[in-house]
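Observations on the three-dimensional arrangement
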Amino acid sequence: MAGAKEIRTKISSIKSTQKITGAMEMVAASKMRKAQERMQATRPYAEKMLQVIRHLAKASPEYRHSFMAQEREIKRIGYIVVSSDRGLCGGLNTNLFRMLVQELKQKRNDGLDTAFCTIGSKALGFFKRFGGDVKAEAAQLGDKPRIADIIGPVKVMLDAFENGEIDAVYIAYNEFVNTMTQKPTLRQLVPIVPDDKPAASGPVWDYIYEPEARLVLDNLLGRYIESLVYQGVVENGACEQAARMVAMKSASDNAGGLIDELQLVYNKARQAAITQEISEIVSGAAAV
Amino acid sequence: MAMTVHVDIVSAEGAIHSGLAAMVYAPGEMGELGIAPRHTPLITRLKPGDVRVEDDKGGMEHFYVSGGMLEVQPDVVTVLADTAIRAQNIDEAKALEAKRRAEDALAGKTAEFEYAKAQAELAEAIAQLRAIEKLRKMRAS
């Protein structure tokens, strides 16, 4: 019965792999749910902030912040690239990087320079491989990213923007469409894109500022950008779990298919061995 | 019913509190503030401290904020709370740290992005994923 033992070992090894992928699938499913909740939870802050900023813009204080709309010639663009820390999540990071490379190529053809800030080990690894001017990085944020972890990298980019090193900042991350679909997205952070919502008419009133409008606005805009990046990070986290769940599910299915096939081969081999043994006995008995 | 004002306390990591209040006390940068309903519009920075929300039955709720912003409109009070401890020099240190990590990780690497190489490798990775997808479909049918 040649090969039967090998086939059996193979089946049992695939079975244990299947157990692992099955467990990972379930873990990813529960983490995805939590990540989605976290994604929802970040929305009110940014919305409130946008309301206040919009109001400030409408009330038109004498001060115009450098993050707000302006006509500066763009020579160098900064990208904040958000990726996962771990692999085994299908084409999630690859798709994002591919979109980014296309974008970069186009920018290079337009004669623009680029700089990067990476969030997540995969993005850092990507630029490590292919080069690129990485200004700052943050990795190993875990399943519950904290805003404290991204303050540093975002500040590096915003400082670079303010002292004219870069002229615009974009964020590249995966947008969570649904469990099956994650969409690589590129969004402009600064200068802040003015929304085309018509300013609500009505009496224009202004706030009392304590201590003064400039300082308050500085604080507010910095926080606003941070919260947008944080949203991107959290959303990318939900995408990572969703992609991993799908990838692990198909891995488990594949393992099941493989086991079925091997089982068939094994049964055939066993049957052949038995048949052979019988025919040997019968022919042996006939010879006596 | 006593006059009330809607209070939202939100942080970047999630909503903390939302409800009606008869009075809100907050540690403003220029001093402690007590906000009653129909207060004139005001924006201020907050110091780390205690935000107290008093409801119309006299109950008091406390929320610790490590700084942030307070926005007041006649019928809405919004606290945009920081969850991380913020200070100019702490932020600065964090920025330097992020910079240093990037420099360490990419020591000796070229600052020029290699488009051709990146594109070729990504195309290969995508092709692999597609092939797997196709294989699965073939097997399923």
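Cut-offs and rules
Residues numbered from 1 in each chain as written. Chains lettered and ligands numbered in written order. Predicted model: local features only at pLDDT ≥ 70, side-chain atom pairs only at ≥ 80, totals over all residues. Heavy atoms only, no water. Helix = DSSP H or I, 4+ residues; strand = E, 2+ residues; numbered from the N terminus. Rg over C-alpha atoms; globule rule 2.2 N^0.38 Å. Buried < 20%, exposed > 50% of the residue type's maximum accessible area, 1.4 Å probe, protein only. Areas by Shrake-Rupley, 256 points an atom, 1.4 Å probe, with all protein chains shown as cover. Lys, Arg positive; Asp, Glu negative; His and termini not counted. Charge placed at Lys NZ, Arg CZ, Asp CG, Glu CD. Contact = heavy atoms within 4.5 Å. Buried area = accessible area lost by both parts, 1.4 Å probe. Salt bridge = Lys/Arg side-chain N within 4 Å of Asp/Glu carboxyl O. Domains from an automatic or database assignment. Pairing = 2+ DSSP bridges. Axes fitted to C-alpha atoms, helices over the stretch in contact; angles between N-to-C directions. Core = buried A, V, L, I, M, F, W, Y, C linked by side-chain atoms within 4.5 Å. Parallel < 35°, antiparallel > 145°, perpendicular 65-115°, else oblique. Left-handed = near helix turned anticlockwise from the far one by under 90°. Nonpolar A, V, L, I, M, F, W, Y, C, P; charged D, E, K, R; others polar.

**Notes on the overall build of chain B**
Within chain B, the secondary structure is distributed over two helices and seven strands. The order of α-helices and β-strands along chain B, N terminus first, is β-β-β-β-β-β-β-α-α. Its C-alpha atoms give chain B a radius of gyration of 26 Å, clearly above 14 Å, the size a compact globule of 141 residues would have. Seen along its three principal axes, the alpha-carbon backbone of chain B occupies a region of about 70 × 50 × 25 Å. By residue count, 40% of the 141 residues in chain B fall in the buried class.

**Comments concerning the overall build of chain A**
If you tally the helices and strands in chain A, you get six helices and six strands. Sequence-ordered secondary structure for chain A, helices as α and strands as β, is α-α-β-α-β-α-β-α-β-β-β-α. Taking 2.2 N^0.38 as the reference for a compact globule, 288 residues should give roughly 19 Å; the C-alpha atoms of chain A span a radius of gyration of 28 Å, well beyond that estimate. Seen along its three principal axes, the alpha-carbon backbone of chain A occupies a region of about 115 × 40 × 30 Å. When burial is assessed residue by residue, chain A has 48% of its 288 residues classed as buried. Of the roughly 14,100 Å² of accessible surface on chain A, 53% is carried by carbon and sulfur atoms. Placing the 38 positive and 34 negative side-chain charges of chain A at their respective mean positions leaves the two points 6 Å apart.

**Comments concerning the interface of chain B and chain A**
Facing 56 residues of chain B, the contacting portion of chain A comprises 61 residues. Summing both sides of the interface, chain B and chain A together bury roughly 5,300 Å²; the carbon and sulfur share of this comes to 65%. Contact with chain A buries surface across chain B, with Ile 43, Phe 113 and Tyr 115 of chain B losing the most and accounting together for 14% of the total. Summed over the shared surface of chain B and chain A, the number is four salt bridges.

**Regarding the pattern of salt bridges**
All names here are of chain A. Counted under the stated rule, the structure contains 20 salt bridges over all chains. Glu 240 serves as the salt-bridge partner of Arg 244, at 2.9 Å between the closest nitrogen and oxygen. You can see Arg 244 and its partner Glu 240 sitting in helix 6 (residues 213–287), four residues apart, about one turn around the helix. Look at Glu 240 and you get buried, because its relative accessible area is 12%. Through salt bridges that share partners, Arg 76, Asp 113, Asp 133, Lys 135 and Glu 165 make up one connected network.

**Digging into the domain arrangement of chain A**
Each assigned domain of chain A is listed with its residue range as follows: domain 1 (4–24 + 247–287) and domain 2 (39–195 + 206–244). Of note, the centres of domain 1 of chain A and domain 2 of chain A, computed from C-alpha atoms alone, are 52 Å apart.

**Quick notes on the sheet that holds strand 5 (residues 182–190) of chain A**
All names here are of chain A. Reading across the sheet, the five strands line up as 3-2-1-4-5 and stay open at both edges, with mixed pairing between neighbours. The open sheet terminates on both sides in strands that have one partner only, identified here as strand 3 (134–138) and strand 5. Adjacent strand axes in the sheet meet at a mean angle of 20° when their direction is disregarded. Where helix 3 (residues 92–109) meets the sheet, its contacts fall on strand 1 (76–82), strand 2 (113–119), strand 4 (168–176) and strand 5, and the angle it forms with strand 1 comes to roughly 175°.

**Observations concerning the nonpolar core**
Judged by nonpolar contacts, the single largest core of 66 residues is most densely connected at Ile 80, Ile 150, Leu 189, Val 190 and Val 229 of chain A. The dominant element in this core, judged by the number of residues it contributes, is helix 6 of chain A, at 17 residues. Apart from the residues lying within four places of it in its own chain, the contact partners of Val 229 of chain A are Ile 80, Ile 119, Ile 150, Val 154, Ile 171 and Leu 189 of chain A. One finds Val 101, Leu 104 and Tyr 170 of chain A together with Tyr 115 of chain B within the second-largest nonpolar core, a separate group that totals 26 residues.

**Concerning the pairing of strand 2 (residues 14–21) of chain B**
Here is the key point about a regular strand: its side chains alternate between the two faces of the sheet. All names here are of chain B. Across seven bridges, the pairing between strand 1 (residues 5–11) and strand 2 is antiparallel. The partner of Ser 11 across the bridge, within strand 2, is Gly 14. Following strand 1, the chain reverses through two residues before pairing antiparallel with strand 2.

**Here we look at the packing of helix 5 (residues 147–162) of chain A against helix 6 of chain A**
Residue and element names in this part refer to chain A. For the pair helix 5 and helix 6, interaxial distance at closest approach is 10 Å and the crossing angle is 120°. With respect to helix 6, the axis of helix 5 lies oblique. The handedness of the crossing between helix 5 and helix 6 is right-handed. Residues Ile 147, Ile 150, Ile 151, Val 154 and Leu 158 of helix 5 pack against Gly 222, Ile 225, Glu 226, Val 229, Tyr 230 and Val 233 of helix 6. The residue makeup of the contact of helix 5 with helix 6, split by class, is nine nonpolar, one polar and one charged.

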